[in-house]
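# Coordinate inspection notes
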Amino acid sequence: MFFHDPTLAKTFNIFQILDYLGTFVFAISGALAAMDKKFDPFGVVILALVTAVGGGTLRDVMIGRTPVGWMQDINYALIILAGAVVAMSCRPYLVYFRKTMFLFDAMGLGLFTIIGVELGMGAGLHPIICILLGTLSAAFGGVIRDILCNQIPLIFEKEIYASLSIIGGVIFIFLNKTSLSLDAIYVITSALVIVLRILAVRYRWVLPKWYVGK
Amino acid sequence: MFFHDPTLAKTFNIFQILDYLGTFVFAISGALAAMDKKFDPFGVVILALVTAVGGGTLRDVMIGRTPVGWMQDINYALIILAGAVVAMSCRPYLVYFRKTMFLFDAMGLGLFTIIGVELGMGAGLHPIICILLGTLSAAFGGVIRDILCNQIPLIFEKEIYASLSIIGGVIFIFLNKTSLSLDAIYVITSALVIVLRILAVRYRWVLPKWYVGK
Amino acid sequence: MFFHDPTLAKTFNIFQILDYLGTFVFAISGALAAMDKKFDPFGVVILALVTAVGGGTLRDVMIGRTPVGWMQDINYALIILAGAVVAMSCRPYLVYFRKTMFLFDAMGLGLFTIIGVELGMGAGLHPIICILLGTLSAAFGGVIRDILCNQIPLIFEKEIYASLSIIGGVIFIFLNKTSLSLDAIYVITSALVIVLRILAVRYRWVLPKWYVGK
């Protein structure tokens, strides 16, 4: 819906670029996990792919938006391939870009959440379901990555990550009921997710596991 | 089809309640598995969700029924959240409800099978495919739960569980060709699955693995 | 598209038979993996099923071709059941058919790739996406098999397998722009994949992992 509003064309381009940047960083995260497991180059590329588009694929398939989004814009596949190649070629140097990548990843988390929530709203779903859909979009690529690496998904155990996606979704839905422009809502929601993510990592926020015995 | 028959409205409500009860118990089973693995509360809720709706999601996506069923009735999400909260808050006391939960779980197994078979029939699929679809619906939530916990799916190794879903599906298809009312068919099929499940656990029925060497 | 050309009816039957043979061998491969893990007969059948149809299911769901293909032709389910039964009954003798099975598996790899590419073209997708779709179709059944067995997917680590699917897809797309008949294209592409697969195994071709430290 929103994406076809011609007056948003310029703004949309900015968010499109952020979307691509997020995809690129998610792909690198998948490629790095694959290299840690000594996958061959084919495995590295596939893991970059599923990490970057796995969440969005699940989202699209669940709401019947097919062929799924990334299959209809060749840029995604090319960006993911580039991410995998960069990861395989420049692995030792990636450490210098850790903070940049962390920022793009947080941006991706916020943006993918918003896109998922919007698509859910477009499909006429309940706000709570929209938030769930946004969180699935943003976080399940990483879950599939960990499953394919035969590991317990990271986001289930440690760090505040996917929870921020839920918070972002709630804020987005709430702001959407105000008179703020969609641009402003996008910016505010994303900024908030990014700030919370930075705080979460810096101060090692974790969710309490009161039910786990000592 | 059947679900829109107005004369079935009253009966349907009863089965709707059983459906919710089954969902609740499946959610608790997912939450308990997550707590065993020391997932954080976010992980517990997500595992409750995928355990409860994973099978139905797979079923709906495979027959093109989108947005998938549970996304269109907010009650499911709320019931699952309640299940996760109950599991996290009352873990030590759940043991007293073991038998009740076992019964609801068996009921869910039977009912989810029937719903899957019916949806398959509505989509004009071959009876054997309908039975497979019913079994996927009923059993794959647990498979996804085990995969996310990085374990071999329980139902592939031990106990007669999913096999009862197949038996339930066969009986349902068979009774459907008789002149019995749909209500009666639902009740008979469910009851049979529950009884067989009780017997299977009490007498430790297992499928023979004749192909496994000593 | 191609499949409805009446003049291709005869040829189509030949490829249909190869499709069934590939399905049969994929099912056996899944069943063998399940027996190695000591799954019960139910688990063996389900693993045979997901190995044989998992890739095609993912493909169909992603392009919105539902109910997914194998659910609309009961032969697939019966062939897979037969594969599982043969594997459980004749396990010690299967070793004598290793080369035959290897050939059918390579044939399946080539054919499933081509079918995936064609379906992608029919959905109007970019050639690169079509190739990815073909590779997913051919290789992801094995990935799901390994995940359900709680193992790192074989094709990510060792052997040139899925990469051949990519090569097959590229050749198919390329030949499709020539004036060759579809039959010839099918035969050439499949033959090439089979020959490359034989060479890959005989000479132990592997993709270089230059990024893995010593």
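Before reading further, recall that the structure is shown in the block above.
### Points about the interface of chain A and chain B
Chain A puts 33 residues into the contact, and the matching count from chain B is 30 residues. Taken together, the two surfaces of chain A and chain B that pack against each other cover about 2,700 Å², and 76% of this comes from carbon and sulfur. Along the contact surface separating chain A from chain B lie zero salt bridges. At the junction of chain A and chain B, the tally comes to seven residue pairs in polar contact (both at pLDDT 80 or more). Sorting the residues of the side of chain A that touches chain B by element identifies helix H2 (41–63), helix H5 (127–148), helix H6 (154–157) and helix H7 (162–176) of chain A as the ones contributing at least two each. Counting residues per element, the side of chain A that touches chain B draws most heavily on H5 of chain A, at eight residues. Here the residues of the side of chain A that touches chain B are counted per class, giving 23 nonpolar, six polar and four charged.

### Structural notes on the relation of the copies chain A and chain C
Taken as rigid bodies, chain A and chain C are interconverted by a rotation of 120 degrees and an axial shift of 0.0 Å, the fit giving an RMSD of 0.0 Å. The superposition operator between the copies reduces to a three-fold rotation axis. Looking at chain A, a mere 10% of its interface residues are interface residues in chain C too, so the copies touch through different faces.

### Some remarks on the relation of the copies chain A and chain B
Structural alignment of chain A on chain B gives an RMSD of 0.0 Å, achieved by rotating through 120 degrees and translating 0.0 Å along the axis. Interface overlap between copies: only 9% of the residues of chain A at the interface are likewise at the interface in chain B, consistent with a contact formed by different surfaces.

### A few points about the nonpolar core
Counting 224 residues, the largest nonpolar core has Trp-70 of chain A, Trp-70 of chain B together with Trp-70 of chain C as the members making the most contacts within it. Leaving out residues up to four positions away in the same chain, Trp-70 of chain C has contacts with Met-62, Ile-129 and Leu-132 of chain B together with Leu-49, Val-53, Thr-57 and Tyr-76 of chain C.

Definitions and limits used
- Residues numbered from 1 in each chain as written.
- Chains lettered and ligands numbered in written order.
- Predicted model: local features only at pLDDT ≥ 70, side-chain atom pairs only at ≥ 80, totals over all residues.
- Heavy atoms only, no water.
- Contact = heavy atoms within 4.5 Å.
- Buried area = accessible area lost by both parts, 1.4 Å probe.
- Salt bridge = Lys/Arg side-chain N within 4 Å of Asp/Glu carboxyl O.
- Polar contact = N/O pair within 3.5 Å; in protein donor to acceptor, adjacent residues only side chain to side chain.
- Helix = DSSP H or I, 4+ residues; strand = E, 2+ residues; numbered from the N terminus.
- Nonpolar A, V, L, I, M, F, W, Y, C, P; charged D, E, K, R; others polar.
- Least-squares fit on C-alpha atoms with pLDDT ≥ 70 in both.
- Core = buried A, V, L, I, M, F, W, Y, C linked by side-chain atoms within 4.5 Å.
- Buried < 20%, exposed > 50% of the residue type's maximum accessible area, 1.4 Å probe, protein only.

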